[in-house]
Number of protein chains: 2
Amino acid sequence: MDKLSVLRDIAIVIIFAKFFGLLARRLKAPQVVGEIIAGLILGPSLLKWVQTNDFLTGIAEIGVILLMFSAGLETSLPQLKKTGVKATLIACAGVFIPLVCGTILYMCFYGFDKVGSDQFFRALFIGTILTATSVSITVQVLKELGKVSDEVGTTILSAAIIDDVIGILVLTIVLSFKDPSSKLGDVILRTIGFFVLAIILGALFYKLMKWLDNKYPHTQRIPIIGLALALGLSFVAEKYFGIADITGAYVAGIILSSLDDSKYIDRKMDVNSYMIFGPVFFVSIGLQTDIKSLDMSILLFSVCFVIVGLLSKVIGCGFMGRLCGYKGKDTLIIGVGMMTRGEVALIVSQKGLEVGMLDSKYFTSVILLIICSSILTPILLKMLYSKDSDNKKDSNAIENDPIKNSIKKA
Amino acid sequence: MDKLSVLRDIAIVIIFAKFFGLLARRLKAPQVVGEIIAGLILGPSLLKWVQTNDFLTGIAEIGVILLMFSAGLETSLPQLKKTGVKATLIACAGVFIPLVCGTILYMCFYGFDKVGSDQFFRALFIGTILTATSVSITVQVLKELGKVSDEVGTTILSAAIIDDVIGILVLTIVLSFKDPSSKLGDVILRTIGFFVLAIILGALFYKLMKWLDNKYPHTQRIPIIGLALALGLSFVAEKYFGIADITGAYVAGIILSSLDDSKYIDRKMDVNSYMIFGPVFFVSIGLQTDIKSLDMSILLFSVCFVIVGLLSKVIGCGFMGRLCGYKGKDTLIIGVGMMTRGEVALIVSQKGLEVGMLDSKYFTSVILLIICSSILTPILLKMLYSKDSDNKKDSNAIENDPIKNSIKKA
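Cut-offs used in this document
Numbers given for residues are sequential positions, taken from 1 along each chain in its written order. Here every chain gets a letter starting at A, and every ligand a number starting at 1, in the order they are written. Given that this is a predicted model, residues contribute local features only at a pLDDT of at least 70 and side-chain atom pairs are listed and counted only at 80 or more, while totals for whole chains, interfaces and linings are drawn from all residues. Side-chain measures were taken over the full set of non-hydrogen atoms in the model, leaving aside hydrogen atoms and water. A run of H or I in DSSP becomes a helix once it reaches four residues, and a run of E becomes a strand once it reaches two; helices and strands are each numbered from the N terminus. Note that the radius of gyration is over C-alpha atoms, with the globule rule given as 2.2 Å times the number of residues to the power 0.38. Remark: exposure states derive from per-residue accessible area (1.4 Å probe, protein chains only) relative to the maximum for the residue type, with buried under 20%, exposed over 50%, and partly exposed in between. Surface accessibility in these figures is a Shrake-Rupley result with a 1.4 Å probe; residues are shielded only by whichever protein chains are displayed. What makes two residues a contact is simply this: any of their non-hydrogen atoms within 4.5 Å. In short, buried area is how much 1.4 Å probe accessible area vanishes from two parts on joining, totalled over both. In the sections that follow, a salt bridge refers to a side-chain nitrogen of Lys or Arg positioned within 4 Å of a carboxyl oxygen of Asp or Glu. Amino acids are sorted into nonpolar (Ala, Val, Leu, Ile, Met, Phe, Trp, Tyr, Cys and Pro), charged (Asp, Glu, Lys and Arg) and polar (every other residue, Gly among them). When the copies are superposed, the least-squares fit draws on C-alpha atoms of residues that have pLDDT of at least 70 in both. Note on method: axes are straight lines fitted to C-alpha atoms, helices fitted across the in-contact stretch only, with angles between N-to-C directions ranging 0 to 180 degrees. For any pair of crossing helices, the crossing counts as left-handed if the nearer helix is rotated counterclockwise from the farther one by less than a right angle, and right-handed if it is rotated clockwise. Under the pairing criterion, centres of Phe, Tyr and Trp rings, with the six-membered ring standing for Trp, must be within 6.5 Å; the plane angle then separates stacked pairs below 30 degrees from edge-to-face pairs above 60, leaving the rest tilted. Angles below 35 degrees are treated as roughly parallel, those above 145 as roughly antiparallel, those between 65 and 115 as roughly perpendicular, and all remaining angles as oblique. Any cysteine sulfur atom paired with another within 2.5 Å is treated as part of a disulfide. Without a salt bridge and with relative accessible area above 30%, a residue can belong to a patch; like charges are then joined within 9 Å and nonpolar side chains (Val, Leu, Ile, Met, Phe, Trp, Tyr) within 5 Å. Multiplying 1.5 Å by the residue count of a helix minus one yields the expected span of that helix. Only buried residues count toward a nonpolar core. Its members are Ala, Val, Leu, Ile, Met, Phe, Trp, Tyr and Cys residues joined through side-chain atoms within 4.5 Å. Values of pLDDT, which run from 0 to 100, indicate the predictor's confidence residue by residue.

Asks: Please set out the overall build of chain A residue by residue, giving values where relevant.
Replies: Within chain A one finds 16 helices and zero strands. In terms of overall size, chain A behaves like a compact globule, its C-alpha atoms giving a radius of gyration of 21 Å where 410 residues would be expected to give roughly 22 Å. Along the first, second and third principal axes, the C-alpha set of chain A runs to 60 × 60 × 50 Å. Counting every position in chain A, which comprises 410 residues, the buried fraction comes to 60%. If you sum the accessible surface of chain A, you get close to 16200 Å²; carbon and sulfur atoms cover 67% of it.

Below, the structure is given as structure tokens:
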């Protein structure tokens, strides 16, 4: 690897990512979509200016760890405890129904195969991609409408957080089957083993960090130790437990999410993330995709994937919402609010590509789902609320919103 | 390169770097020395936990660009214009005398060779390493003593900045001779060519950034475009002009140093720098050094190198200070204030290693010089000032100090 080309690649990647990210935002699409398009333009599909190489892959890998660590840090454990049962049930339905529907969709296209076969796990992985909700766009719309902290709004936010946790569990288990000799018992044992270790290590680290944070608040050592924990736990998870590294990063984030300085850590991660590591990750996804290899069959699959992805969330969450006592329009609002997909779906897909459970051509489907859900959700939510007569704003409550920070990134 | 080992390496490097950096600071030595020692401990000399590899080298390279870009950003052009002639003369003497003394020292040890030979350029490079002043420790001491903005203090600060600029010019020219077929005329032509390009590009970019900065102050795009400029100019400098990439990064920093948001850019670079890129660079230096390969000859050379390094700055700057009208103790204060070395000496050495003008064993000498100068300067400055009866503090003036930010990092 030429040292100089590193400088050139990074310069080109960050400037293109920012430009197309901003362009996407101006067109009301998520910034990450713009960054992926930047990758498509720079890569084999078009300009051929930048090629994936070991260095960019390493940077992208750290970028994913930073993103998942951030997601973990932004989890509010007290809010989870408070909203409790209803949100958990909605989240479970919001994971389970898309998982099943996605799996069946793949089987309809490429044939049913017996449980445990390679083909079965590929199908299951398509389902797994559909589990990850990303509510930052929903939060933004609810805020504009002044609905972010009413009962429905709080339920959506909490369900989305729990959805993340369950989604990561599902991913952990599904990925563990990448080794064909894996047995379900082994996988569950390893998963439990990792979480037991994480709880013990987490308790120790939390105490250490709490002590450090009291003694030296807002010092460089706090985010540095946090980042080292995230990287270390990612390494240990994958190396010694056969569990995806991103699970380790996410768990590290949850461990530190109750620290006084958790927001401080998150801000520092954010700077690292948006300057170099994040853009390189999203651009890499574009670089790995060669548009010319797309054919009608994958386009048809993508359209079905988007429809199934959107409807399965709306139906799963909405139906469970109704069972939990929400009525009429509110059940639809919950369903639509939960249907947006974002970064996490891409991170999950990237993991699948890495372990050979997903072909890179399916990135097209995932990107399309992100674009469609991000455009449809605001429109549908505004339509649903516009019929609402009771339109008083609860803007005062916004300050207490734990997910506020995530909007900035969107 | 194994993807997982990337996570592990970075986790170990940043945690060790921070720990030993803090330990060094507690022992009144510079943090960077602690970080290098962390590398020595982790590397082939002792634990063998981390090995240099392409990925770490790439990260370290970006780290150097960030550090030099920061150094450029912290340059205050208005202050340079104001202090003018005296500071420039002192800086020139502070570059020239150490350059000559260092060259002669190497020749005394390893033989005189004709001008233009490989051996001559190795000697010249040892002199070049001695040119780089790093006044952050001096600034810290002057602040404690309340002397940072009196006439002598201002002269030291300005001379140090000009010293950086001249030092980079000297380095640029010396490094250009790495190709044995280089002729002095070519080198000067290329150097002039680069600076003409930098001035034209700089003017355009400065206008663009000023417009962006007025329209979107404190947005992510400002530091991202700045970083892309630094990386891009580094690439262009080395690729098309045969000039060290760090010169490009430094020039990019100077171009943007007059922006309203230059401090904002610098803060964002700082976060990136201290979390991952900076520690990896300094630890890499330790990783490249195998203590076991050190023999008496290099230790003897190191001791002489330190003595020559310290005295040549004190004599050069002090003598020129006297010629400029400073009297008695003040000339010594100027000399001692200018004699500290830091990051830049290491960055210069690393460049020399890269192009084959320096053997890695001389890192020992440079590290020793940094340690000795950092410990001696505060002691000597306090002694020199303690004889001073006029001890009133000018603490109010500290807020206006442009170099204030650099202390935080020390």
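Structure's up, so let's keep going.
Asks: Describe unusual backbone geometry, and please don't skip the residues or the numbers.
Replies: Residue and element names in this part refer to chain A. Phi is positive for Lys28, close to 65°, though the residue is something other than glycine. With respect to the secondary-structure elements, Lys28 resides in the loop between helix H1 (3-26) and helix H2 (31-42). A positive phi angle, close to 60°, is found at Lys48, a residue other than glycine. Locating Lys48 in the fold gives a position in the loop between H2 and helix H3 (54-73).

Asks: Give me the lowdown on the interface of chain B and chain A, citing residues and values where you can.
Replies: Listed per partner, the contact involves 47 residues of chain B and 47 residues of chain A. Of the roughly 4500 Å² buried between chain B and chain A on both sides combined, carbon and sulfur atoms contribute 76%. At the junction of chain B and chain A, the tally comes to eight salt bridges. Lys3(A) is the partner of Glu354(B) in a salt bridge, and the nearest nitrogen-oxygen pair spans 2.8 Å. If you tally residues by element for the side of chain B that touches chain A, the top one is helix H1 (residues 3-26) of chain B, at 13 residues. Residue classes in the side of chain B that touches chain A are distributed as 28 nonpolar, five polar and 14 charged.

Asks: Tell me about the pattern of salt bridges, and name the residues and values.
Replies: All names here are of chain B. Applying the stated criterion across every chain yields a total of 22 salt bridges over all chains. Lys86 is paired through a salt bridge with Glu151; the nearest N and O atoms lie 3.5 Å apart. Remark: Glu151 occurs in helix H7 (residues 151-176) and Lys86 occurs in helix H4 (residues 77-110); sequence separation between them is 65 residues. Its relative accessible area of 34% is what places Lys86 among the partly exposed residues. When the shortest N-O distance is used, the salt bridge between Lys351 and Glu354 registers 3.2 Å. One end of the pair, Lys351, and the other, Glu354, are both in helix H14 (residues 343-355), three residues apart, so they sit about a helical turn from each other.

Asks: Give a detailed account of the relation of the copies chain B and chain A, specifying residues and quantitative values.
Replies: Between chain B and chain A, which share one sequence, the superposing operator has a rotation angle of 180° and an axial displacement of 0.0 Å; the RMSD is 0.0 Å. On this basis, the relationship between the two copies can be described by a two-fold rotation axis. Comparing interface residues between copies, 100% of those in chain B also sit at the interface in chain A, which points to an isologous, same-surface contact.

Asks: Outline the packing of H3(A) against H1(B), supporting the account with residue identities and numerical values.
Replies: Two elements in contact, H3(A) and H1(B), have axes separated by 10 Å at closest approach and are oriented at 65°. In terms of crossing hand, the pair formed by H3(A) and H1(B) is right-handed. Only Lys3(B), Val6(B), Leu7(B) and Ile10(B) of H1(B) make contact with H3(A), whose side of the interface consists of Gly58(A), Glu61(A), Ile62(A) and Ile65(A). Tallied by class, residues from the contact of H3(A) with H1(B) come to five nonpolar, one polar and two charged.

Asks: Run through the packing of aromatic side chains, naming residues and quoting values.
Replies: Here the structure, examined in full by the defined rule, presents 36 aromatic pairs over all chains. Here the aromatic rings of Phe194(A) and Phe241(A) are separated by 5.7 Å at their centres, their planes lie at 65°, and the arrangement is edge-to-face. Here Phe194(A) is found in helix H8 (residues 184-215), whereas its partner Phe241(A) is found in helix H9 (residues 221-241), with 47 residues between them in sequence. Across this residue pair, the class does not change: Phe194(A) and Phe241(A) are buried. Centroid distance Phe277(A) to Phe277(B): 5.6 Å. Interplanar angle 15°. Geometry classified as stacked.

Asks: How would you explain the environment of Ala160(A) if you had to name every residue and give the values?
Replies: All names here are of chain A. Relative to the helices and strands, Ala160 resides in helix H7 (residues 151-176). The buried category is assigned to Ala160, whose relative accessible area is 5%. Residues Ala160 and Met339, spaced 179 residues apart in sequence, show a C-alpha to C-alpha distance of 9.8 Å. Here Ala160 is in contact with Thr133, Val135 and Met338, once residues within four sequence places are set aside.

Asks: Go over the side chain of Thr103(A) with me, naming the residues and quoting the values.
Replies: Take Thr103(A): it is sitting in helix H4 (residues 77-110). Discounting chain neighbours no more than four positions away, the residues touching Thr103(A) are Ala123(A), Leu124(A) and Gly127(A).

Asks: How would you sum up the packing of H4(B) against helix H5 (residues 118-129) of chain B? Please name residues and give values.
Replies: All names here are of chain B. In the contact formed by H4 and H5, the axes pass within 7 Å of each other and the chain directions differ by 135°. The angle between the axes of H4 and H5 places the two elements in the oblique class. Of the two elements, H4 crosses H5, and the hand of that crossing is right-handed. Residue-level inspection shows Pro98, Leu99, Gly102, Thr103, Tyr106, Met107 and Tyr110 of H4 in contact with H5, the latter providing Gln119, Phe120, Arg122, Ala123, Leu124, Ile126, Gly127 and Thr128. Split into classes, the residues belonging to the contact of H4 with H5 amount to nine nonpolar, five polar and one charged.

Asks: So what's going on with the state of the cysteines? Residues and values would help.
Replies: Applying the stated criterion to the full structure yields zero disulfides over all chains. In this model Cys108(B) remains outside any disulfide bridge; the closest cysteine sulfur is found in Cys304(B), 9.1 Å from its own.

Asks: Requested: an account of a nonpolar patch on the surface, with residues and values cited.
Replies: Residues and elements named next belong to chain A. A surface patch of nonpolar side chains, about 680 Å² in accessible area, is lined by Val303, Ile307, Leu311, Ile315, Phe319, Leu323 and Leu368. No other element matches helix H12 (residues 296-323), which puts six residues into the nonpolar patch. Relative to the helices and strands, Ile315 resides in helix H12.

Asks: I'd like to hear about H8(A), residue by residue, with values.
Replies: The terminal C-alpha atoms of H8(A) lie 45 Å apart, and with 32 residues this matches the ideal 46 Å at 1.5 Å per residue to within 8%. Taken as a whole, H8(A) has its buried residues at Val187(A), Thr191(A), Phe194(A), Ala198(A), Gly202(A), Met209(A), Leu212(A) and Asp213(A).

Asks: Residue-level account of the nonpolar core, with values.
Replies: Residues Ile10(A) and Ile10(B) are the most contacted members of the largest nonpolar core, which totals 285 residues. When near neighbours in sequence (up to four residues on either side) are disregarded, Ile10(B) contacts Ile62(A), Leu231(A), Phe55(B), Leu56(B), Ile276(B) and Val280(B).

Asks: So what about helix H6 (residues 136-144) of chain A? Which residues, and what values?
Replies: All names here are of chain A. The buried fraction of H6 is high, at seven of nine residues. What H6 keeps buried is the set Ser136, Ile137, Thr138, Val139, Val141, Leu142 and Lys143. Directly beyond the C-terminal end of H6, a positive phi value near 70° is found at Gly146.

Asks: Hey, could you go over the environment of Gly226(A) for me, with residue numbers and the actual values?
Replies: Within the secondary structure layout, Gly226(A) lies in helix H9. Contact partners of Gly226(A), with chain neighbours within four places excluded, come to Phe69(A), Met209(A) and Leu256(A).

Asks: Talk me through the side chain of Lys351(A); I want residue IDs and the actual numbers.
Replies: The class for Lys351(A) is buried, based on a relative accessible area of 3%. Beyond its immediate stretch of four places on either side in the chain, Lys351(A) contacts Leu175(A), Glu238(A), Ala244(A), Asp245(A), Ile246(A) and Lys3(B).

Asks: Summarise the confidence of the model for chain A; cite the residues concerned and give the values.
Replies: Residue and element names in this part refer to chain A. For chain A, the mean per-residue pLDDT works out to 87, and 94% of the residues sit at or above 70. Model confidence for chain A, summarised as mean pLDDT per element, is weakest for helix H16 (residues 404-409) at 38 and strongest for H12 at 95. Low pLDDT, under 50, characterises residues 389-410; the stretch is placed with 45 contacts to residues that sit more than four places away or in other chains. Interface confidence for the predicted complex, expressed as ipTM, amounts to 0.85; the pTM equals 0.86.

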